[in-house]
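Inside the fold
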Number of protein chains: 2
Amino acid sequence: MAHKHDHSQAIKAVCEQLPSDELLCDLGDLFKLFGDTTRIKILYSLFESELCVCAIAELLKMEQSAISHQLKILKDAKLVGCRRSGRTNVYFLADDHVRSIIYQGFEHLTEDEEKQ
Amino acid sequence: MAHKHDHSQAIKAVCEQLPSDELLCDLGDLFKLFGDTTRIKILYSLFESELCVCAIAELLKMEQSAISHQLKILKDAKLVGCRRSGRTNVYFLADDHVRSIIYQGFEHLTEDEEKQ
DNA sequence: CTATCATATGAATAAAGATTCATATGTGAG
DNA sequence: CTCACATATGAATCTTTATTCATATGATAG
């Protein structure tokens, strides 16, 4: 064994409660999507209304290409959906979970500030 | 202007709803903490009971050093707390928000699976 | 005190990821 | 058909970040 004091009981107990490795990885991957400023801003922008790519780029003052790349990631993960309208592509939130996840994070931050 | 069709109205409206840049960055940074498999596993392990470093390392079959580094990140972000007990350091969840944030992500994933 | 266990930490390496640039695709106007 | 606009995408670059290794710190038992 690598260590001297025994916690096999504790480990065993926790181990039984722990979700599968695969689910835990998926969970990490999900939060990773929210763990980038640009993507958070994109998602937040879509809270109220759907938007086309160049509107988002203009709003965030970023290059269209950067936005497109991030939108692709969000779309692949099915956090946003996409619809053609004329020659623009309109993106929208695909899921209300996006709202609630961001909302939880928001709550955490704002409550922290109150404590200070 | 960089583009031709006009969405200044939409941009203006969204812009007013958007939280400050600083808050959005903080939000990204918060989710970044959850966006790593090791950290998610650590947090999840602490759901039921507090644990010392080497118990977590053994549980996750990872090196003590790697766990320590991640625990530092989580502690600096105040997602976990730490208490000395003899010569071991015992870590615990610092905040119920951690549970609810992870829970929301969990919900999203499991509902997705139902749809398939 | 000293030896040993538990943990922390700095530096180095490796891997992942975001942005940019150049260019391709796709669509509608004329 | 052709042009211009909107978007997508591949490759390259730059940054960030996770892990490992070596070692430092800190605490208790004897």
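These remarks concern the structure in this document. Since this is a predicted model, take the numbers as computed values, not measurements.

Let us now look at the relation of the copies chain B and chain A. Note: a rotation about an axis with an accompanying shift along it relates these two copies of the chain. Superposition record for chain B on chain A: RMSD 0.0 Å, screw rotation 180 degrees, translation along axis 0.0 Å. The relationship between the two copies is best expressed as a two-fold rotation axis. A share of 100% of interface residues in chain B that are also interface residues in chain A marks the association as one of identical surfaces.

Let us now look at the protein's contact with DNA strand C. His 5, Arg 39 and Ser 65 of chain A together with Ser 65 and Tyr 91 of chain B are the nearest of the 29 residues found near DNA strand C. Across the atoms of DNA strand C situated within 4 Å of the protein, the share located in sugar and phosphate is 63%. Thr 38 of chain A places a side-chain nitrogen or oxygen 2.7 Å from a phosphate oxygen of DNA strand C. If you list the elements that add at least two residues to the surface near DNA strand C, you get α3 (37-45) and α5 (64-76) of chain A together with α4 (53-60), α5 (64-76) and β3 (88-93) of chain B. Split into classes, the residues belonging to the surface near DNA strand C amount to seven nonpolar, 13 polar and nine charged.

Mapping Leu 109 of chain B onto the fold places it in helix α6 (residues 96-115). Here Leu 109 of chain B falls in the buried class, since its relative accessible area comes to 13%. As for Leu 109 of chain B and Leu 59 of chain B, which are separated by 50 residues in sequence, their C-alpha atoms are 24 Å apart. When residues no more than four places from it in sequence are discounted, the contact partners of Leu 109 of chain B are Leu 23, Asp 26, Leu 27 and Leu 30 of chain A.

Cut-off values and rules
- Residues numbered from 1 in each chain as written.
- Chains lettered and ligands numbered in written order.
- Predicted model: local features only at pLDDT ≥ 70, side-chain atom pairs only at ≥ 80, totals over all residues.
- Heavy atoms only, no water.
- Least-squares fit on C-alpha atoms with pLDDT ≥ 70 in both.
- Contact = heavy atoms within 4.5 Å.
- Near = heavy atom within 4 Å.
- Polar contact = N/O pair within 3.5 Å; in protein donor to acceptor, adjacent residues only side chain to side chain.
- Helix = DSSP H or I, 4+ residues; strand = E, 2+ residues; numbered from the N terminus.
- Nonpolar A, V, L, I, M, F, W, Y, C, P; charged D, E, K, R; others polar.
- Buried < 20%, exposed > 50% of the residue type's maximum accessible area, 1.4 Å probe, protein only.

Function cannot be read off these values alone, since they describe shape.
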